[in-house]
Amino acid sequence: MIQVAVLGYGTVGSGVVEVIEKNKEEINKKSGEELNIKYILDLRDFPGDPYENKIVHDVNEVLEDPEVAIVCETMGGLGAAYEFTRRALLSGKSVCTSNKELVAAHGPELIRIAHDNKCNYLFEASVGGGIPIIRPLNYSLTAEKIDAITGILNGTTNYILSKMEKEGADFADVLALAQEKGYAEKNPAADVEGHDACRKIAILSSLMSGKNVRSEEIYTEGITKITAADFVYAHAMGKTIKLLAKSMEQEGRFYAMVAPFLISREHPLYMVNGVFNAVCVHGNMLGDSMYYGRGAGKLPTASAVVSDVVDCARHIGKVIMCFWDAQNVELTGIDEAKRSFFVRVDAKKEREAIETFKSVRVIEADVPGEFAFVTDVMSEKEFNRKAGEVGIISRVRMEE
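Residues numbered from 1 in each chain as written. Predicted model: local features only at pLDDT ≥ 70, side-chain atom pairs only at ≥ 80, totals over all residues. Heavy atoms only, no water.

**Q** Break down the overall build of the protein chain for me, citing the residues and quoting the values.
**A** Across its full length, the protein chain holds 14 helices and 18 strands. Relative to a compact globule of 400 residues, whose C-alpha radius of gyration would be 21 Å, the protein chain shows 23 Å and is just as compact. Along the longest, intermediate and shortest principal axes, the C-alpha atoms of the protein chain span 75 × 45 × 35 Å. Within the protein chain, residue pairs in contact and separated by at least 24 positions form 73% of the contacts whose partners lie at least 6 positions apart. Element-wise, carbon and sulfur atoms account for 48% of the exposed surface of the protein chain, whose accessible area totals about 17,700 Å². Counting 46 positive and 59 negative side-chain charges, the protein chain places the averaged centre of each group 2 Å from the other. (Helix = DSSP H or I, 4+ residues; strand = E, 2+ residues; numbered from the N terminus. Rg over C-alpha atoms; globule rule 2.2 N^0.38 Å. Contact = heavy atoms within 4.5 Å. Areas by Shrake-Rupley, 256 points an atom, 1.4 Å probe, with all protein chains shown as cover. Lys, Arg positive; Asp, Glu negative; His and termini not counted. Charge placed at Lys NZ, Arg CZ, Asp CG, Glu CD.)

**Q** How would you summarise unusual backbone geometry if you had to cite specific residues and measurements?
**A** Positive phi, normally seen in glycine, also occurs at Glu251, with a value near 50°. Within the fold, Glu251 resides in the loop between β9 (239–250) and β10 (253–264). Overall, Glu251 belongs to the exposed group, its relative accessible area being 82%. Residues other than glycine seldom take positive phi values, yet Lys358 does so here, at roughly 65°. Of note, Lys358 is situated in the loop between α13 (350–357) and β15 (360–362). On the basis of relative accessibility, which here comes to 58%, the residue Lys358 falls in the exposed class. (Buried < 20%, exposed > 50% of the residue type's maximum accessible area, 1.4 Å probe, protein only.)

**Q** Residue-level account of the packing of aromatic side chains, with values.
**A** Tallying each qualifying case throughout the model produces 10 aromatic pairs. Ring centres of Phe276 and Tyr292 lie 5.2 Å apart, and the angle between their planes is 10°; on these two criteria the pair is classed as stacked. Separated by 16 residues along the polypeptide, Phe276 in strand β11 (residues 276–283) and Tyr292 in strand β12 (residues 287–294) bring together distant segments of the chain. Residue class for Phe276 comes out partly exposed when judged on its relative accessible area of 22%. The aromatic ring of Phe261 is capped on one face by Lys246, whose charged end is 5.4 Å from the ring centroid. (Phe/Tyr/Trp six-rings, centres within 6.5 Å; stacked < 30°, edge-to-face > 60°. Lys NZ or Arg CZ within 6 Å of the ring centre and 35° of its normal.)

**Q** Account for the pairing of β9, naming residues and giving values.
**A** Across the 12 residues of β9, nine count as buried, placing the element largely inside the fold. Here strand β7 (residues 146–152) runs beside β9; their pairing, made up of four bridges, is antiparallel. Residue Gly151 lies in a different strand from β9, and its bridge partner there is Ala245. Here β9 pairs with β10 via 12 bridges, running antiparallel. From the neighbouring strand, Ala245 faces β10, where its bridge partner is Val258. Where β9 hands over to β10, the hairpin turn is made up of two residues, of which Glu251 adopts a positive phi near 50°. (Pairing = 2+ DSSP bridges.)

**Q** Requested: an account of the environment of Tyr51, with residues and values cited.
**A** As for its position among the elements, Tyr51 is in the loop between β2 (35–41) and β3 (55–56). Counting along the chain gives 37 residues from Tyr51 to Ser14, while the straight-line C-alpha distance between them is 9.8 Å. Ignoring anything within four residues of it in the chain, the contact list for Tyr51 reads Tyr9, Val17, Glu21 and Ile40.

**Q** Now, about the nonpolar core: what can you tell me, with residues and values included?
**A** Within the largest apolar cluster, 84 residues are counted, with the highest numbers of intra-cluster contacts made by Tyr121, Phe123, Ile160, Leu204 and Phe342. At eight residues, helix α10 (residues 195–209) tops the list of elements feeding residues into this core. The residues contacting Tyr121, other than those within four sequence positions of it, are Thr85, Leu89, Val95, Thr97, Leu102, Val103, Leu110, Ile111 and Ala114. Cys96, Ala125, Val306 and Ile320 belong to the second largest nonpolar core, which has 29 residues in total. (Core = buried A, V, L, I, M, F, W, Y, C linked by side-chain atoms within 4.5 Å.)

**Q** So what's going on with the sheet that holds β3? Residues and values would help.
**A** In spatial order, the strands read β3-β2-β1-β4-β5-β6; together these six strands make up an open sheet with parallel pairing. Here the strands that pair on one side only, and so sit at the sheet edges, are β3 and β6 (121–122). Where β2 and β3 come together, two bridges link them in parallel fashion. Paired with Leu41 across the strands is Val56, a residue of β3.

**Q** Please set out helix α5 (residues 100–116) residue by residue, giving values where relevant.
**A** The terminal C-alpha atoms of α5 lie 22 Å apart, and with 17 residues this matches the ideal 24 Å at 1.5 Å per residue to within 8%. Most pronounced at His106, the bend in α5 amounts to some 85°, and the proline Pro108 follows within four residues. Phi turns positive one or two residues past the end of α5, at Lys118, with a value near 55°. (Expected span 1.5 Å × (residues − 1). Bend = angle between axes of the 7 residues up to and from the residue.)

Structure representation (structure tokens):
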């Protein structure tokens with residue numbers, strides 16, 4: 001019997017317990033040995049809970065018990081979660097986590113500690129909730145040179161943008177609805193400002209490159225400036241707007257960014273709506289592959305954590321290889337990245353905009369008092385200079 005501990009009995013932690021208990025027969029068969037939840041660590045008591053007898057408040061009970069082989073860290077944050085994870089790995093206990101903030105900040109260090117102590121640090125649930133994406137990058141695509149990853153990696157922002165598109169509503173109104181439905185936090189900044197997606201693309205980029213991509217160095221732009229009028233223009237162009245997290249290696253340069261993009265109906269991410277997430281991976285031999293599913297939620301995320309628990313159970317005392325070195329990747333700034341831009345200006349500035357941007361494709365839509373157009377391909381630096389000269393209402397990048 002393999003003893004398991006769960007650190008944090010919140011949404012994901014309680015989901016982990018539920019998945020292990022409800023699917024016990026399948027999980028034990030696939031693990032090759034019976035799994036048993038011995039401890040659930042939380043500061044709170046849970047009177048009447050079916051597992052209240054497993055609740056403990058002192059982490060030392062978990063970390064000093066030699067019977068515990070696998071720890072599920074579902075606490076979130078960096079403080080206690082980092083310290084408890086580190087101590088568990090140093091004592092030879094494998095750790096499975098959904099904590100993307102911790103993985104993005106300390107992934108290489110925790111992987112090294114795990115390998116030094118013949119155990120594992122697995123984090124399938126940290127990106128894309130229930131979508132299997134970490135494991136394909138580590139196992140299934142090992143024959144590939146991965147050179148690009150593009151994804152919709154945040155369910156909250158995708159829900160908001162989908163709702164804005166469908167109902168013609170403004171950002172603030174849809175955000176309030178998302179909060180009411182529990183799709184957005186009371187303080188939604190991490191989601192709507194793009195920070196959550198940034199941490200996730202940092203993790204995927206690190207696995208893609210085999211080196212460390214620092215989330216704080218990734219250009220990040222959220223969806224707070226997207227308006228209902230932007231979707232009127234998007235419909236006129238046969239496109240939609242998605243918050244994309246992107247990384248790409250090209251001629252020895254590594255780019256990464258998070259920002260809203262206009263994408264066409266032919267784009268594989270066009271039909272990814274609501275709280276769903278998807279990741280497109282490009283390999284030099286395979287070409288494009290896509291991974292789609294529920295990017296968040298109690299049971300989808302918990303299912304991904306438990307899939308890592310099963311993997312750890314199959315490899316007790318053995319190291320599962322994960323190539324993520326501590327050496328930092330030097331990201332290339334986006335100034336020289338080239339693309340087209342969709343631009344809105346006051347109607348009075350039509351002539352000035354055309355003279356400044358030269359060749360433009362005019363976009364006709366039912367938005368009074370504005371002139372809108374798509375630029376030729378140009379660098380971000382050149383665009384920002386010209387936009388500053390004209391004075392624009394807004395711009396959205398085009399995904400070609």
